[in-house]
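Coordinates in review
What follows is the residue order along each chain.
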Amino acid sequence: MKSWRDNVRRVVPYVPGEQPQDQDMIKLNTNENPYPPSPKVKEAMKNLDEDTFRLYPDPTAHKLVKAIADYHGLKESQVFVGVGSDDVLAMAFLTFFNSKKPILFPDITYSFYDVWAELFRIPYERVMLDERLDIRWEDYCRENGGIIFPNPNAPTGAYLPLSAVRSILDHNRETVVIVDEAYVDFGAETALPLLAEYDNLLVVRTFSKSRSMAGMRIGYACGNEEMIRCLNDVKYSFNSYTMDMTVLEAGAASIGDEAYFRETVEKVIKTREWTQEQLRRLGFTLKDSRANFVFASHGQCPARELFERLRQNHIYVRYFDKPRIDNYLRITIGTPEEMKKLIDFLEHYLAKRKGER
Ligand SMILES: *Cc1c(COP(=O)(O)O)cnc(C)c1O
């Protein structure tokens, strides 16, 4: 018997970190920022005129595009915006990864990449990180249909120096190289200065982490004018009005408050360094993180056990049951108070566990 089920596009969806409705939880599982967005965002929201909601928003998202372009010293025609960087990345996969050759990305990385590749039927190969869980640029010097990697990488937090990003670009002039800079503001080097030299580079950013606006869904891509035009052609063939009126105002207001942005990022970095020090003291091994999370493994206590115990105590972190990383916890950096509670809990738990053996 034939059925509509024979023709369904089947996908195994990406699984986002959970958003528990737990009142007194410490939420360190989805790399959100513990601080609110700039007060200028609140002001911009207050000044919204609901009467304009009758109208469609500006399909070019000009106000936001201009703010981002000015901020990075680029032309407006070099900036593409979307509903979070997930939307931007999905559009970029659809636009630029259209070859029969496989695209390349690390075996341990953002777990949405293989989902989009499957959804769009793009062939792909996972490139193994080295034994220290670092990207080796030499491994990306082979035939491919495109390349994508986050810098810093997720969930390891490890970053690739700009010279290595440049080497990847030097060996790949004929396919698009996407650098996903979701966490770059927390201490890594951006590839944006390389845009002037490489016409196949696309740099993707988000407001979700360093700008405390995960709930607003703003992401963007910077590239040369032709690439951005190609992206817009695909976007306008899919959904022209992706950025609503509130988002355009909120995003532009955030870009307009550089002092607040710097201050917030510095606070997170400082707490990260403190947390790493404390975790090492408790016997954890860590990748040196340049992101707003740390990736930690304990010599004596399995990560899964810690994950479950933390959860029972209303502290939510992320655990990936995947080869090579199933003994690690990814812990988002919260406020100093939250991290102190995490460390106190771990300290007591590990000491008690040791005593029982
Ligand atoms: C968080 C994240 C994204 C997606 O962020 P959006 O909220 O969709 O902007 C993209 N890439 C990486 C590596 C991330 O960690």
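Just above sits the structure.
Residues numbered from 1 in each chain as written. Predicted model: local features only at pLDDT ≥ 70, side-chain atom pairs only at ≥ 80, totals over all residues. Heavy atoms only, no water.

Time to look at the overall build of the protein chain. A count of helices and strands for the protein chain gives 10 helices and 13 strands. Expected size for 357 residues packed as a compact globule is a radius of gyration near 21 Å; at 21 Å, the protein chain falls within 12% of this value. Projecting the C-alpha coordinates of the protein chain onto the three principal axes gives extents of approximately 65 × 55 × 50 Å. Residue burial in the protein chain is summarised as follows: out of 357 residues, 54% are buried. Once local pairs closer than 6 in sequence are excluded, the contacts in the protein chain between residues at least 24 apart make up 72%. For the protein chain, the computed accessible surface area is about 17500 Å², with 50% contributed by carbon and sulfur atoms. In the protein chain, the 48 positive side-chain charges and the 53 negative ones have mean positions that sit 4 Å from each other. (Helix = DSSP H or I, 4+ residues; strand = E, 2+ residues; numbered from the N terminus. Rg over C-alpha atoms; globule rule 2.2 N^0.38 Å. Buried < 20%, exposed > 50% of the residue type's maximum accessible area, 1.4 Å probe, protein only. Contact = heavy atoms within 4.5 Å. Areas by Shrake-Rupley, 256 points an atom, 1.4 Å probe, with all protein chains shown as cover. Lys, Arg positive; Asp, Glu negative; His and termini not counted. Charge placed at Lys NZ, Arg CZ, Asp CG, Glu CD.)

Once that is clear, we can look at empty space enclosed by the protein. Tallied over the entire structure, the rule returns two cavities of 30 Å³ or more. In this structure, the largest cavity occupies an estimated 50 Å³ of space. Here the element with the most residues in the lining of the largest cavity is helix α8 (residues 258-281); it accounts for three residues. Tallied by class, residues from the lining of the largest cavity come to four nonpolar, five polar and two charged. Here the lining of the largest cavity gathers at least three residues from each of two domains, domain 1 (19-36 + 259-356) and domain 2 (39-256). Volume-wise, the second largest cavity comes out at about 50 Å³. Along its surface, the second largest cavity is lined by Tyr-71, Asp-185, Arg-205, Thr-206, Phe-207, Ser-210, Arg-211, Tyr-220 and Phe-261. Class assignment for the residues of the lining of the second largest cavity results in four nonpolar, two polar and three charged. (1 Å grid on protein atoms, 1.4 Å probe; cavity = no way out; pocket = protein on both sides within 12 Å on 5 of 7 lines; lining within 4 Å. Points joined across faces, edges and corners; volume = space filled by probe spheres on them. Nonpolar A, V, L, I, M, F, W, Y, C, P; charged D, E, K, R; others polar. Domains from an automatic or database assignment.)

This next bit is on unusual backbone geometry. A cis amide bond, omega -5°, links Asn-151 with the succeeding residue Pro-152. Secondary-structure assignment places Pro-152 in the loop between β5 (146-150) and α5 (162-170). Across the junction of Ala-154 and Pro-155, the peptide omega takes the value 5°, indicating a cis bond. Note on placement: Pro-155 falls in the loop between β5 and α5. Backbone geometry places Ala-61, a non-glycine residue, at a positive phi of 55°. Assessed through its relative accessible area of 1%, Ala-61 is described here as buried.

What follows deals with helix α2 (residues 62-72). Taken together, the buried positions of α2 are occupied by Leu-64, Val-65, Ala-67, Ile-68 and Ala-69. Where α2 is buried, its residues touch β2 (79-82), β8 (219-222) and α7 (245-255).

Near the ligand you find Gly-84, Ser-85, Asp-86, Leu-89, Tyr-110, Asp-180, Ala-182, Tyr-183, Thr-206, Ser-208, Lys-209 and Arg-217, and these make up its full shell. In the model, an oxygen atom of the ligand is placed 3.0 Å from a nitrogen or oxygen of the Asp-86 main chain. A distance of 3.0 Å separates an oxygen atom of the ligand from a polar side-chain atom of Lys-209. Considered on its own, the ligand offers 390 Å² of accessible surface; in the complex 92% of this is hidden by protein. Mapping the ligand onto the cavity grids shows that it belongs to the largest pocket. For the shell around the ligand, the element with the most residues is helix α3 (residues 84-96), which contributes four residues. (Near = heavy atom within 4 Å. Polar contact = N/O pair within 3.5 Å; in protein donor to acceptor, adjacent residues only side chain to side chain. Sits in = over half its atoms within 2 Å of the grid points.)

Counted as a void, the largest pocket has a volume near 840 Å³. Considering the residues around the largest pocket, the lining is formed by 39 residues, among which Tyr-14, Tyr-110, Ser-111, Arg-318 and Arg-330 are closest to the centre. Mapped by element, the contributors of at least two residues to the lining of the largest pocket are α3 and β3 (103-106). The biggest single contributor to the lining of the largest pocket is α3, with three residues.

Moving on: the sheet that holds strand β12 (residues 318-319). With antiparallel pairing, the four strands of this open sheet are ordered in space as β9-β10-β13-β12. Strands at the two margins of the open sheet, each flanked by one partner only, are β9 (284-286) and β12. Relative to strand β10 (residues 293-298), β9 is paired through three bridges, and the arrangement is antiparallel. For Thr-285, the partnering residue across the bridge sits in β10 and is Ser-297. Taken strand by strand, α8 contacts β9, β10 and β13 (329-332), and its axis lies near 135° from that of β9. (Pairing = 2+ DSSP bridges. Axes fitted to C-alpha atoms, helices over the stretch in contact; angles between N-to-C directions.)

Here we take up the nonpolar core. Membership of the largest hydrophobic core comes to 51 residues, with the highest contact counts inside it found for Val-81, Phe-149, Val-165 and Leu-201. Of all the elements, α7 adds the most residues to this core, at six residues. When residues are assigned to domains, this core turns out to be shared by domain 1 (19-36 + 259-356) and domain 2 (39-256), each giving three or more. What Val-81 contacts, discounting residues up to four positions off in sequence, is Ala-61, Leu-64, Val-65, Ile-68, Val-88, Gly-219, Tyr-220 and Met-243. Membership of the second largest hydrophobic core comes to 37 residues, among which are Tyr-35, Phe-284, Ala-291 and Val-317. (Core = buried A, V, L, I, M, F, W, Y, C linked by side-chain atoms within 4.5 Å.)

For the structure shown, the criterion picks out 24 salt bridges. One salt bridge in this structure joins Asp-134 and Arg-132, with 3.3 Å as the shortest N-O distance. For Asp-134, a relative accessible area of 17% translates into the label buried. Between Arg-304 and Asp-321 there is a salt bridge whose closest N-O contact spans 2.8 Å. Taken together, the residues Arg-304 in helix α9 (residues 303-312) and Asp-321 in the loop between β12 and β13 connect sequence positions 17 residues apart. Accessibility expressed as a relative area gives 38% for Arg-304, which makes it partly exposed. Residue classification places Asp-321 among the exposed positions, given a relative accessible area of 53%. Each of Arg-132, Asp-134 and Lys-287 takes part in salt bridges that share partners, so that together they form one network. (Salt bridge = Lys/Arg side-chain N within 4 Å of Asp/Glu carboxyl O.)

All quantities given are derived from atomic positions and should not be read as evidence of function.
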